[in-house]
Amino acid sequence: MDFKLEIFIERLKNEETQIIQEEIPSYLLSLKDQEVSFSETVSLKGKTYLASDHLILELSVKAVAFLPCIICNEQTPFEIFLPSLHHAQELSEIPSGIFHYQELIRESLLLQLPAFLECHNNQCPEREVIKKFFKKEQFSKGFQDL
Ligand SMILES: [Zn+2]
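Residues numbered from 1 in each chain as written. Predicted model: local features only at pLDDT ≥ 70, side-chain atom pairs only at ≥ 80, totals over all residues. Heavy atoms only, no water.

Visitor: I keep staring at the nonpolar core and nothing clicks. Help me out?
Guide: Most often, soluble globular proteins keep nonpolar side chains buried together rather than apart. Membership of the largest hydrophobic core comes to 29 residues, with the highest contact counts inside it found for L44, V61, Y101, I105 and L109. Counting only elements with at least two residues in this core, the list comes to α1 (9-12), β2 (17-25), β4 (41-51), β5 (54-68), β6 (75-90) and α2 (102-111). If one sorts the elements of this core by residue count, β5 sits on top with seven residues. Each residue touching L44, except ones within four places of it in the same chain, is listed here: L5, I20, Q21, E22, I24, S60, V61, Y101 and I105. (Core = buried A, V, L, I, M, F, W, Y, C linked by side-chain atoms within 4.5 Å. Buried < 20%, exposed > 50% of the residue type's maximum accessible area, 1.4 Å probe, protein only. Helix = DSSP H or I, 4+ residues; strand = E, 2+ residues; numbered from the N terminus. Contact = heavy atoms within 4.5 Å.)

Visitor: When you look at the coordination of the zinc ion in this model, what are you seeing that I'm missing?
Guide: Ideal geometry at a metal centre gives angles of 109.5 degrees when four donors are arranged tetrahedrally and 90 or 180 degrees when six donors are arranged octahedrally. Surrounding the zinc ion are the protein donor atoms C69 (SG), C72 (SG), C119 (SG) and C124 (SG), at 2.3 to 2.4 Å. Geometry at the zinc ion is tetrahedral, judged from the four donor atoms that bind it and their angles of 106 to 113 degrees at the metal. Sequence spacing among the residues donating to the zinc ion works out to C-x2-C-x46-C-x4-C. Both residues of the pair, C119 and C124, count as buried. (Donors = N, O, S within 2.8 Å, 3.2 Å for Na, K, Ca; no water. Tetrahedral: all angles 85-135°; square planar, octahedral: opposite > 155°, others 65-115°.)

Visitor: Looking at this structure, I do not really get unusual backbone geometry. What am I missing?
Guide: Trans is the common state for peptide bonds, and a negative phi is the common state for residues other than glycine. Phi is positive for N14, close to 65 degrees, though the residue is something other than glycine. N14 gets classed as exposed once you look at its relative accessible area, which sits at 73%. Notably, N122 is not glycine yet its phi reads approximately 65 degrees, a positive angle. For N122, a relative accessible area of 46% puts it in the partly exposed group.

Listed below in structure tokens is the structure:
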């Protein structure tokens, strides 16, 4: 299977609309080397067409990201759903006639990620432990200040 995320402008001439419906392996978005990883597949649905001198891309994107819990560091799933990702690219910026949109998808997904994530729906089991620890710290610090 060929999973290249590319759009051939030539095929869209004559007012063609190309339907996009793909389950793409997340390695295509080359996110593996970062702190965040993604579920095996990222699903894309939508269409692409030409509007005067622009290529228009309308997509919905679904993925599950895994981020370390801010407290216990456990890999925690985070669902991303972008219902309407709209992109317009000037045709003059696509001299090869082939528009590659991995980068677009990649950036759009990364933008959705929270700065912090806590496991178990924000009820990290280690939260209590850490709370106690911090309380103690503050407590003894307070005493020192006296
Ligand atoms: Zn946790």
